[in-house]
Structures are given as C-alpha cells and as structure tokens.
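# Geometric and topological summary
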Amino acid sequence: MEDVAHEEAREAILITQAQVSQDDQHKARVRRYLTLMAFRVPALVLAGIVYGMTGSGLLALAVIALSIPIPWVAVLIANDRPPREKGEIPRYKWSGDANPPAVEATHFRQLKGHDG
C-alpha cells in the first residue's frame, strides 16, 4: 500500500497553464537586448570602413543613422511579454462583487466660515 503512495508522489504533474518563470523570462529578455545591441558597435565600425573605402561621408552617416534607433528598438523588444500560446484566450479575472456597496462617510469635519 505504501508503494502505491510513493509511486503517485514521484509522478510528474502537468500544469497546462503554468507560465515561464520570471527568472527565465528575464534571462530571455536580457539575451534579446544584448543580441540587438551587439549590432550597434559593428554598425559604427562599418560606418568607418564605408567612409574609408568610399570616401563618402553621406554613406557613412546613413549607416550611423540606421544604428541610432537600435537601443530604442532593443528596449521595446526586450520589455515585451512572451508571445501568447496558440489558442490562448485573453481572460479578464475580476473577483469583486457585481454591485459593490457605496462607501459611507463615517468621519468628516465641518469647515467653519469666517463669520461663525
């Protein structure tokens, strides 16, 4: 009889709606951010190489201009939540009463005017 209880305790339980842990989400966001930011320094180096090879300052500035929004885009992408699973339905969970009672004022102070 005890063997059956131990067997049940060792079974893995599948939680279908469990989300990825906060640590794993954070690591994934940091990885995405660093991957996107890793393109910025090579873009600046590439601008120097383009200027050295072509002598065109405008072409080098174009490469630099393309690298300017990279930090902004990296932050937006890194702070985005994990994508919804296929078939996941957005749910609004409200635990309050449908008709909440009105708040009663139990303590109030009457302000006196200048004439009284």
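Starting from 1, residues in each chain are numbered consecutively following that chain's sequence as written. With the structure being a predicted model, the display of local features is reserved for residues of pLDDT at least 70 and the display and counting of side-chain atom pairs for 80 or more, all residues being used for whole-chain, interface and lining totals. With hydrogens and water set aside, each side-chain value is computed from the structure's full complement of heavy atoms.

### As for the overall build of the protein chain
Applicable threshold: Numbering of helices and strands starts at the N terminus; helices are DSSP runs of H or I of at least 4 residues and strands are runs of E of at least 2. Burial classes: relative accessible area under 20% of the type maximum marks a residue as buried, over 50% as exposed, and values in between as partly exposed (1.4 Å probe, protein chains only). A contact between two residues is defined here by any heavy atoms of the two lying within 4.5 Å. The method behind every accessible area is Shrake-Rupley, applied with a 1.4 Å probe, and residues are considered shielded solely by the protein chains displayed.
Helix and strand content of the protein chain: 5 helices and 0 strands. Starting at the N terminus and walking to the C terminus, you meet the elements of the protein chain as α-α-α-α-α. Out of the 116 residues in the protein chain, the part that is buried amounts to 9%. Long-range contacts, defined as pairs at least 24 residues apart, comprise 62% of the intrachain contacts of the protein chain with a sequence gap of at least 6. Accessible area of the protein chain: about 11100 Å², with a carbon and sulfur share of 61%.

### Here we look at the UniProt feature "transmembrane region" (unreviewed entry) in the protein chain
What counts here: UniProt positions are given in the numbering used here, feature names are shortened, and annotations may be inferred rather than shown by experiment.
Following the UniProt record, the feature "transmembrane region" (unreviewed entry) maps to residues 33-52 and 58-78 here. The span residues 33-52 is 90% helix and 0% strand, and its two end C-alpha atoms sit 30 Å from each other. Helix makes up 90% of residues 58-78 and strand 0%, with an end-to-end C-alpha separation of 31 Å.

### Quick notes on helix α5 (residues 70-78)
Spelled out, the test is: The directions considered for the arc run from the helix axis to the C-beta atoms.
Three or more residues of α5 are buried, namely I70, A74 and A78. Taken end-on, α5 shows its buried residues confined to a sector of 60°, consistent with a single buried face. Buried positions along α5 lie against α2 (22-37), α3 (40-54) and α4 (57-67).

### A closer look at α3
Note the cut-off: In this scheme, a helix's expected span is set at 1.5 Å multiplied by one less than its residue total.
If you check α3, its first and last C-alpha atoms are 21 Å apart, about what 15 residues at 1.5 Å a residue would give, namely 21 Å. For α3, the full list of buried residues reads A43, A47 and V50. Down the axis, α3 shows its buried residues gathered within 65° of arc, on one side only. For α3, the exposed residues lying more than 90 degrees away from the buried face are V41, G52 and M53. Where α3 ends, the next residue or the one after it, G55, has phi of about 75°, a positive value.

### Describing the environment of A43
Mapped onto the secondary structure, A43 falls in helix α3. Accessibility expressed as a relative area gives 13% for A43, which makes it buried. Distance in space between the C-alpha atoms of A43 and A60 is 9.7 Å, their sequence separation being 17 residues.

### Thoughts on the side chain of S67
Looking at the secondary structure, you find S67 in helix α4. Setting aside residues up to four positions removed in sequence, S67 forms contacts with R40, A43 and L44.

### A word on the packing of α2 against α5
Geometry of a packed helix pair, given as the angle between the helix axes and the separation of the axes. Heads up, the condition is: Axis definition: a line fit to C-alpha positions, over the contact stretch in the case of helices; interaxial angles, taken between N-to-C directions, run 0 to 180 degrees. Relative orientations are named as follows: roughly parallel for angles under 35 degrees, roughly antiparallel for angles over 145 degrees, roughly perpendicular for angles from 65 to 115 degrees, and oblique for any other angle. Handedness of a crossing is defined here by the sense of rotation of the near helix relative to the far one, left-handed for an anticlockwise turn of less than a right angle and right-handed for a clockwise turn. Nonpolar residues are Ala, Val, Leu, Ile, Met, Phe, Trp, Tyr, Cys and Pro. Charged residues are Asp, Glu, Lys and Arg, and all others, Gly as well, are polar.
As a packed pair, α2 and α5 sit with axes 9 Å apart at the nearest point and diverge in direction by 165°. When the interaxial angle is binned, α2 and α5 end up roughly antiparallel. At the point where α2 passes α5, the crossing takes the right-handed sense. On the side of α2, the interface is formed by R29, R32, Y33, L36 and M37, while α5 contributes I70, P71, V73, A74, V75, I77 and A78. Among the residues forming the contact of α2 with α5, the class breakdown is 10 nonpolar, no polar and 2 charged.

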